Structure formats: structure tokens, C-alpha cells
Amino acid sequence: MTTLYLAGDPAADALLARDPFALLTGMLLDQQVPMEKAFSGPAVIAERMGGVDHLDPAAIAAHDPEAFAEIFSRTPAVHRFPGSMAGRVQKVAAYVAEHYGNDAANIWAGTTTGVELLKRLKALPGFGEQKAKIMVALLGKQIGVRPDGWREAAGDYGVEGATRSVADVVDADTLTQVRATKREIKRAAKA
């Protein structure tokens, strides 16, 4: 079984490793909050939905939007923007339920090229170019999803030995390296 170090909590990371929709949800939540907060979010959602052992896209999509937003809003909030992110998670859940047989793994199952995988990810609500590329890199580097040309499709995030994104975080040291790289990129962009 895959071992991940994204949430910084063994139980939350175990959920991400065994549940493709939880991993996809963590990636969706990974904006404007620390990475560990984003990738802990799926475990918090699962706990607040009654202690379920996986996130069911159809059940999430069918959940009353106000009640689902309340799940996100309880202290501590799942995300800095609980209402809007709850809505985004429900949109992705509905898309996965409708287009991928309620199984997020079907997004990458059977893809033969990195370009195809990137296209599928970019079609998801809330997944722009950069988030989709990072997800391709995460799938390739840590989950073993490696269709032909996946590194090229992931762009700079797919480079072996890179420390640019969540795709490169496997322990506390690589987390520190990724944070340093991000600071340097931001600093260079301001210069």
C-alpha cells in the first residue's frame, strides 16, 4: 500500500492513500491554506459525515448544500473559505459520480498518455492548468500512475528530483525543501 506524507497526520494520510476521491479532494482544497490543512480536510469531512472510512462522491454530491457547508464551517473549519470550498467539493463529487462511475480512480485508470490524464484532470470543476499538472505529478511520483509522457504533461512539477509542489513531499525534509522553493519562486516573481 502507498504511504503518503501530505497531511502530516498518519490517519489522514492513510485515508488519502486508500481513497482516490479523498486524494482528489485534498488537491482541490490545496489553495490559500497550508498543504497539511488542505490534505487533512478529507479526513475531517469523513469524520463529520459520521466517521465514514472513505468519501463517497455520490453521497457528497447529494448532500444538502447548506448542511455540507456547515460540515466545512464547524470549528476548526475545513478550509479558510468553508462555504465556497464546500460547494467546489460537491461540484467535483457530482462530476466524478456522473462521468467516472462514482470512482475517482477511473479518472486515471486506463489513460495511456500524460496528455490524456492532464486533459481529464483539467475538465474537473476547480482544476485549472497548474492544479491539474501538480495532480499528474503527484499521481506519477507517489501513486504509480505513469502513462506515457506523464512527466512532460506535468511540466516543471514532473521533473525528477524537483522540490516544487506537494507531489515532491514525502517527509518533513522534503516539505521544508518545497516550502523553500515556493518562497524563492515568489521572491523572484516580485523582483
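What counts and what doesn't
Residues numbered from 1 in each chain as written. Predicted model: local features only at pLDDT ≥ 70, side-chain atom pairs only at ≥ 80, totals over all residues. Heavy atoms only, no water. Helix = DSSP H or I, 4+ residues; strand = E, 2+ residues; numbered from the N terminus. Axes fitted to C-alpha atoms, helices over the stretch in contact; angles between N-to-C directions. Parallel < 35°, antiparallel > 145°, perpendicular 65-115°, else oblique. Left-handed = near helix turned anticlockwise from the far one by under 90°. Contact = heavy atoms within 4.5 Å. Nonpolar A, V, L, I, M, F, W, Y, C, P; charged D, E, K, R; others polar. Expected span 1.5 Å × (residues − 1). Polar contact = N/O pair within 3.5 Å; in protein donor to acceptor, adjacent residues only side chain to side chain. Phe/Tyr/Trp six-rings, centres within 6.5 Å; stacked < 30°, edge-to-face > 60°. Lys NZ or Arg CZ within 6 Å of the ring centre and 35° of its normal.

Undergrad: Even after reading the chapter, I still don't get unusual backbone geometry, so can you show me in this structure?
TA: Working note: non-glycine residues mostly have negative phi, and peptide bonds are mostly trans. The amide bond that connects T75 to the next residue, P76, takes the cis arrangement and shows omega of -10 degrees. Located in the positive-phi region is Q32, a residue other than glycine, with phi close to 60 degrees. Secondary-structure assignment places Q32 in the loop between helix 2 (20–29) and helix 3 (35–48). Look at N102: it is not a glycine, yet its phi comes out positive at around 65 degrees. Among the secondary structure elements, N102 is positioned in the loop between helix 6 (82–99) and helix 7 (105–108).

Undergrad: I tried to follow the packing of helix 2 against helix 6 on my own but got confused; where do I start?
TA: For any two helices packed against each other, one specifies the inter-axial angle together with the distance between the axes. As a packed pair, helix 2 and helix 6 sit with axes 10 Å apart at the nearest point and diverge in direction by 140 degrees. As far as their axial angle goes, helix 6 and helix 2 are oblique. With respect to the hand of their crossing, helix 2 and helix 6 are arranged in right-handed fashion. Contact with helix 2, carried on its side by F21, L24, T25, L28 and L29, involves M85, R88, V89, V92, A93 and V96 of helix 6 and no other residues of that element. Considering only residue class, the contact of helix 2 with helix 6 consists of nine nonpolar, one polar and one charged.

Undergrad: I keep staring at helix 11 (residues 172–190) and nothing clicks. Help me out?
TA: What sets the pattern is the α-helix's 3.6 residues per turn: residues three or four places apart point alike. Look at helix 11: 27 Å from first C-alpha to last across 19 residues, which is about the 27 Å you get at 1.5 Å a residue. Looking at the buried residues of helix 11, the elements they touch are helix 3. A distance of 3.2 Å separates the backbone nitrogen of D173 from a side-chain oxygen at the start of helix 11, and that oxygen is part of D171.

Undergrad: Would you mind showing me how to read the packing of aromatic side chains here?
TA: Think of a pair of aromatic rings as described by two things: how far the centres are apart, and how the planes are tilted against each other in angle. According to the stated counting rule, one finds two aromatic pairs in the structure shown. Pairing Y95 with Y100 gives two aromatic rings, centres 6.4 Å apart and planes at 45 degrees, and the pair type is tilted. One cation-aromatic arrangement involves R164 over Y157; the distance from NZ or CZ to the ring centre is 5.4 Å.

Function cannot be inferred from these measures alone, as they are strictly geometric.
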